[in-house]
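# Survey of secondary and tertiary structure
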Amino acid sequence: MHKKIICCLLFIISIFACVSAYAAEVTDVRWGLDRFNVLRLVVDLDSPPGYNISFQGQTMLVTVNAKLDEKVTRSFKMRSTLAPTMTVEESGGNTVLKLPLARTIGTQDYNAFTLKNDPVTKRPNRLVVDITADKTATPSVVIPKANTSAEKAKAPVTVPKTTTPKTTAKVTVPKKTAVKTEEKKTTKSSFKTDGGLKGKKITLDAGHGGSDPGAIGSNGTREKDVTLKITKKVQELLKKKGAKVSMTRTGDTDVYGPNASDSQELQARVDVAEDNDADAFISIHINSSTNKSVGGFSSYYYPKTNNDARLAQAVQDRLVKNFGLDDLGIRKANFYVNKRCSMPSTLLELAFISNPKEEKLMNSNWYINKLAKSIADGIEDYFK
Ligand SMILES: [Zn+2]
């Protein structure tokens, strides 16, 4: 009986594998280079891909188990000193990306992962390969510093496979730890930081969602529900002020998908800001502490541009001015979403769900509305 079931299952699985292998097709291949000179290759597919990365001498081969649509570009010139060119070809039913490298790299110098299609943002299944080994990048890590929370959405940046310190942003820290990184004076030209809110592109991220409730108060209030309410209200207010707003989520959903790793889920949120070419990225959270009497506001930032601290401060000022809650100040931290997006960004911790008084406030509409107004006004102040 059991044997029969197992055989049957295997049969179904093998049919599924055949069907999906047969159906898979590469629909686009793109590349990009971020400020840390991480070369990112993105392969779009019509179904989730199987893949393999290998080397033929100094040539990196990314083999994707999918056919190649004839519309896809076959030859790329890339702005990378490590991999100045890439060719794409179909071989034995697979699509192969070939990158002749300027020097040999190791497994620690690249990281590959897949992203599921997302009907909300209309993005396809993707294979992403980050090559972190470009020699011209020089970010540096300085002093580790204690932090207050270890929740998922604020997971520190963990570049899964890192290179030698000189070549990449190697920041691998235990949870509950933030890393202070030397302030970079580089400013990406594509985001705007002044001239008023009208026409500015803002990405709002409601913390947690779907399989991840975030922190939960003693009366059962869930962080993911409160952050969504506030974020939707901020969206409405910013739109009225003439901003173009994109949202990482608009319902009770995971952004990447259930059972994603922290970095997949957080990167999916960053991707929304990047895909929308946002001028600012605001992630909205509620704090929590084992000490129930702790309360107040704090705004976190990662000093990757000259404007991250200014953005955090602008929102923090409005929050503190409008409420009688404690001012915990703006704080440098190594949160993934702040660090990995290219535009100025802040992560707000709006009061404490663990504090019964503040939890009660979160369940009233006037409080949610007032919070949202403070955030929207703070963002407007930033762009003045
Ligand atoms: Zn949170």
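Residues numbered from 1 in each chain as written. Predicted model: local features only at pLDDT ≥ 70, side-chain atom pairs only at ≥ 80, totals over all residues. Heavy atoms only, no water.

## Observations concerning the sheet that holds strand 3 (residues 51-56)
- Taken in spatial order, the 5 strands make up an open sheet running 3-4-8-7-6, and their pairing is antiparallel. Edge positions in the sheet fall to strand 3 and strand 6 (75-77), since each of these pairs with one other strand and no more. The mean angle between the axes of side-by-side strands here comes to 20°, regardless of whether they run parallel or antiparallel.
- Bridge count between strand 7 (residues 85-91) and strand 8 (residues 94-100): 5 bridges; the pairing is antiparallel. Looking at the pairing, V88 lines up with L97 of strand 8. (Pairing = 2+ DSSP bridges. Helix = DSSP H or I, 4+ residues; strand = E, 2+ residues; numbered from the N terminus. Axes fitted to C-alpha atoms, helices over the stretch in contact; angles between N-to-C directions.)

## Quick notes on the packing of aromatic side chains
- With the rule as written, the count across this model stands at 6 aromatic pairs.
- Through pairs of rings, three or more aromatic residues link up here, namely F297, F323, W366 and Y367. (Phe/Tyr/Trp six-rings, centres within 6.5 Å; stacked < 30°, edge-to-face > 60°.)

## Here's the deal with the sheet that holds strand 2 (residues 39-45)
- Taken in spatial order, the 5 strands of this open sheet run 5-1-2-10-9, and their pairing is mixed. Lying at the two open borders of the sheet, with one neighbouring strand each, are strand 5 (67-68) and strand 9 (110-115).
- In terms of strand pairing, strand 9 meets strand 10 (residues 125-131) through 6 bridges, oriented antiparallel. In the strand pairing of strand 10, T114 is matched with L127.

## Topic: the pairing of strand 13 (residues 201-206)
- Buried residues dominate strand 13, accounting for 5 of its 6 residues.
- Sheet topology places strand 13 next to strand 14 (residues 244-247); 4 bridges connect them, and they run parallel. Bridge assignment links K201 to a residue of strand 14, and that residue is K244.
- The pairing of strand 13 with strand 15 (residues 280-287) spans 5 bridges and is parallel. (Buried < 20%, exposed > 50% of the residue type's maximum accessible area, 1.4 Å probe, protein only.)

## A closer look at the side chain of S283
- Among the secondary structure elements, S283 is positioned in strand 15.
- Judged by relative accessible area, which is 0%, S283 ranks as buried.
- A polar contact of 3.2 Å, which involves the side chain of S283, links it to the side chain of H285.
- Those residues in contact with S283 that lie beyond four places of it in its chain are D205, V337, T346, L347 and L348. (Polar contact = N/O pair within 3.5 Å; in protein donor to acceptor, adjacent residues only side chain to side chain. Contact = heavy atoms within 4.5 Å.)

## Some details on the pattern of salt bridges
- Taken as a whole and assessed by the stated rule, the structure comprises 20 salt bridges.
- Note that R318 and D381 form a salt bridge whose closest N and O atoms lie 2.7 Å from each other. Residue R318 is located in helix 4 (residues 308-322), and its partner D381 is located in helix 7 (residues 365-383); the two are separated by 63 residues in the primary sequence.
- Between D381 and K384 there is a salt bridge, and its shortest N-O distance comes to 3.6 Å. (Salt bridge = Lys/Arg side-chain N within 4 Å of Asp/Glu carboxyl O.)

## Considerations on the nonpolar core
- Membership of the largest hydrophobic core comes to 36 residues, with the highest contact counts inside it found for I202, I230, L238, L350, I375 and I379.
- At the level of secondary structure, the elements contributing two or more residues to this core comprise strand 13, helix 2 (223-240), strand 14, strand 15, helix 4, strand 18 (345-352) and helix 7.
- Ranked by residues supplied to this core, first place goes to helix 7 with 9 residues.
- Excluding its chain neighbours within four sequence positions, the residues that come into contact with I202 are L197, L238, A243, K244, V245, S246, A280, I282, I379 and F383.
- One finds L39, I53, F76 and L101 within the second-largest nonpolar core, a separate group that totals 30 residues. (Core = buried A, V, L, I, M, F, W, Y, C linked by side-chain atoms within 4.5 Å.)

## Some words on the environment of P213
- Among the secondary structure elements, P213 is positioned in the loop between strand 13 and helix 2.
- For the pair formed by P213 and E223, sequence separation is 10 residues and the distance between their alpha carbons is 6.2 Å.
- Apart from the residues lying within four places of it in its own chain, the contact partners of P213 are H208, R222, E223 and K224.

## Quick look at the confidence of the model for the chain
- Per-residue confidence for the chain gives a mean pLDDT of 81; residues scoring 70 or more make up 77%.
- pLDDT under 50 marks residues 15-21. Its contacts with residues more than four places away, or in other chains, come to 1 contact.
- Within the model, pLDDT remains below 50 along residues 158-188, and this stretch shows 97 contacts once partners closer than five positions in the same chain are excluded. (pLDDT = per-residue confidence, 0-100.)

## Some thoughts on the packing of helix 2 against helix 7
- For the pair helix 2 and helix 7, interaxial distance at closest approach is 8 Å and the crossing angle is 50°. Classified by the angle between their axes, helix 2 and helix 7 sit oblique to one another. Of the two possible hands of crossing, helix 2 and helix 7 adopt the one that is right-handed. Across the interface between the two elements, V226, K229, I230, K233, V234, L237 and L238 from helix 2 touch I368, N369, L371, A372, K373, I375, A376 and I379 from helix 7.
- The class makeup of the residues in the contact of helix 2 with helix 7 is 11 nonpolar, 1 polar and 3 charged. (Parallel < 35°, antiparallel > 145°, perpendicular 65-115°, else oblique. Left-handed = near helix turned anticlockwise from the far one by under 90°. Nonpolar A, V, L, I, M, F, W, Y, C, P; charged D, E, K, R; others polar.)

## Brief notes about the packing of helix 4 against helix 7
- Where helix 4 meets helix 7, the axes come as close as 8 Å, and the angle between the chain directions of the two elements is 140°. Taken together, the axes of helix 4 and helix 7 are oblique relative to one another. Considering how the two elements wind past one another, helix 4 and helix 7 form a crossing that is right-handed. In this structure, helix 4 uses R310, L311, A314, V315, R318, L319 and N322 to contact helix 7, whose residues at the interface are K370, L371, S374, I375, D377, G378, I379, D381 and Y382.
- The residue makeup of the contact of helix 4 with helix 7, split by class, is 8 nonpolar, 3 polar and 5 charged.

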